[in-house]
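This is what each chain is made of:
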Amino acid sequence: MGSLSVGKYGILTMATEEKEVRQPRVVAIAIDNSEYAEKAFDWYLEKIRRDDDVIVLIHIPESYDFSLASPGVMRQLLDELEKSVKALEDKFADKVKAVGIDGKFRTGAGKPGEAIIKIAKEENATMIITGTRGLGKIRRTVLGSVSDYVIHHSPVPVLVCRM
């Protein structure tokens, strides 16, 4: 059993012999081939990373409309996409290994914002980190913003790094 004592500000506290057990955070980080994603990842590592964090790197590759593509063109595009995803995975895997934290790489398909939220939920993420291109209001309205979608639909806190 623990002992009662009066702590700072006159608050009663109970000291126990059990250590506080802290669950590791699952941090979902949305990545792509942009400098914005890399800067967001680096910011996480430098500013808020904890040694017991588990990270889930989420990449949603660009989707193509193959309806008018010949089988040869379709195969070529798929091969290029596969190489691009593999290169991105290797690049970030090296960064993760360099700092010695646990992590995994997940890809998804569909609209990027929706897919990021879906994977973050599947992985029980405790937060999502994403970069942003810093589009103006008009361009963001026309083009859409992945970070804007994630902010408004995430069930967990979202950190958007704007550099």
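Residues numbered from 1 in each chain as written. Predicted model: local features only at pLDDT ≥ 70, side-chain atom pairs only at ≥ 80, totals over all residues. Heavy atoms only, no water.

Draft legend 1. Structural view of the overall build of the protein. For the protein, the count of helices and strands is five helices and seven strands. When the elements of the protein are put in sequence order from the N terminus, they spell out β-β-β-α-β-α-β-α-β-α-α-β. Looking at the protein as a whole, 29% of its 163 residues qualify as buried. In the protein, 73% of the contacts between residues at least 6 apart in sequence involve partners at least 24 apart. In the structure as shown, the protein presents an accessible area of about 11,000 Å², 53% of it carried by carbon and sulfur atoms. (Helix = DSSP H or I, 4+ residues; strand = E, 2+ residues; numbered from the N terminus. Buried < 20%, exposed > 50% of the residue type's maximum accessible area, 1.4 Å probe, protein only. Contact = heavy atoms within 4.5 Å. Areas by Shrake-Rupley, 256 points an atom, 1.4 Å probe, with all protein chains shown as cover.)

Draft legend 2. Geometry of the pattern of salt bridges. Taken as a whole, this structure holds twelve salt bridges when the rule is applied. Residue arginine 106 pairs with glutamate 123 through a salt bridge whose shortest N-O separation is 2.5 Å. In this pair, arginine 106 sits in strand S5 (residues 102–107) while glutamate 123 sits in the loop between helix H3 (112–122) and strand S6 (127–131), placing the two residues 17 residues apart along the sequence. Salt bridges linked by common partners bring Lys104, Arg106, Lys118, Glu122 and Glu123 together as one network. (Salt bridge = Lys/Arg side-chain N within 4 Å of Asp/Glu carboxyl O.)

Draft legend 3. Expanded view of the sheet that holds strand S7 (residues 158–161). Pairing in this open sheet of five strands is parallel, and the strands run S5-S4-S3-S6-S7 from one edge to the other. Two strands bound the open sheet, and with one partner strand each, they are S5 and S7. Between one strand axis and the next, the sheet turns through 20° on average, direction left out of account. Two elements, strand S3 (residues 26–30) and S6, share three bridges in a ladder whose sense is parallel. When the sheet's bridge partners are listed, alanine 28 is paired in S6 with isoleucine 128. Contacts between H3 and the sheet are confined to S3, strand S4 (54–59), S5 and S6, with S4 contributing the most and set at about 155° to the helix. (Pairing = 2+ DSSP bridges. Axes fitted to C-alpha atoms, helices over the stretch in contact; angles between N-to-C directions.)

Draft legend 4. Examining the packing of H3 against helix H5 (residues 146–153) more closely. Here H3 crosses H5 at 45°, and the two axes come no closer than 8 Å. In this view, H3 runs oblique relative to H5, as classed from their interaxial angle. The chirality of how H3 crosses H5 is right-handed. Residues Pro112, Gly113, Glu114, Ile116 and Ile117 of H3 lie in contact with H5, whose contacting residues are Val146, Tyr149, Val150 and His153. Taken together, the residues of the contact of H3 with H5 break down into six nonpolar, two polar and one charged. (Parallel < 35°, antiparallel > 145°, perpendicular 65-115°, else oblique. Left-handed = near helix turned anticlockwise from the far one by under 90°. Nonpolar A, V, L, I, M, F, W, Y, C, P; charged D, E, K, R; others polar.)

Draft legend 5. Examining the nonpolar core more closely. With 19 residues, the main nonpolar core has Ile29, Ile31, Phe41, Tyr44, Ile55, Leu57 and Ile129 as its most contacted residues. Among the secondary structure elements, those contributing two or more residues to this core are S3, helix H1 (35–48), S4, helix H2 (71–99) and S6. Looking at this core element by element, the count peaks at five residues for H1. Excluding its chain neighbours within four sequence positions, the residues that come into contact with isoleucine 29 are Phe41, Tyr44, Ile55, Val56, Leu57, Ile58 and Ile129. Of all hydrophobic cores here, the second largest spans 15 residues; its members include Ile58, Ala115, Ile128 and Val150. (Core = buried A, V, L, I, M, F, W, Y, C linked by side-chain atoms within 4.5 Å.)

Draft legend 6. Summary view of the packing of H1 against H2. Where H1 meets H2, the closest approach of the two axes is 12 Å, and the angle between their N-to-C directions is 10°. If you check the angle between H1 and H2, you find them roughly parallel. Contact residues: Glu38, Phe41, Asp42 and Leu45 in H1; Lys91, Phe92, Lys95, Val96 and Val99 in H2.

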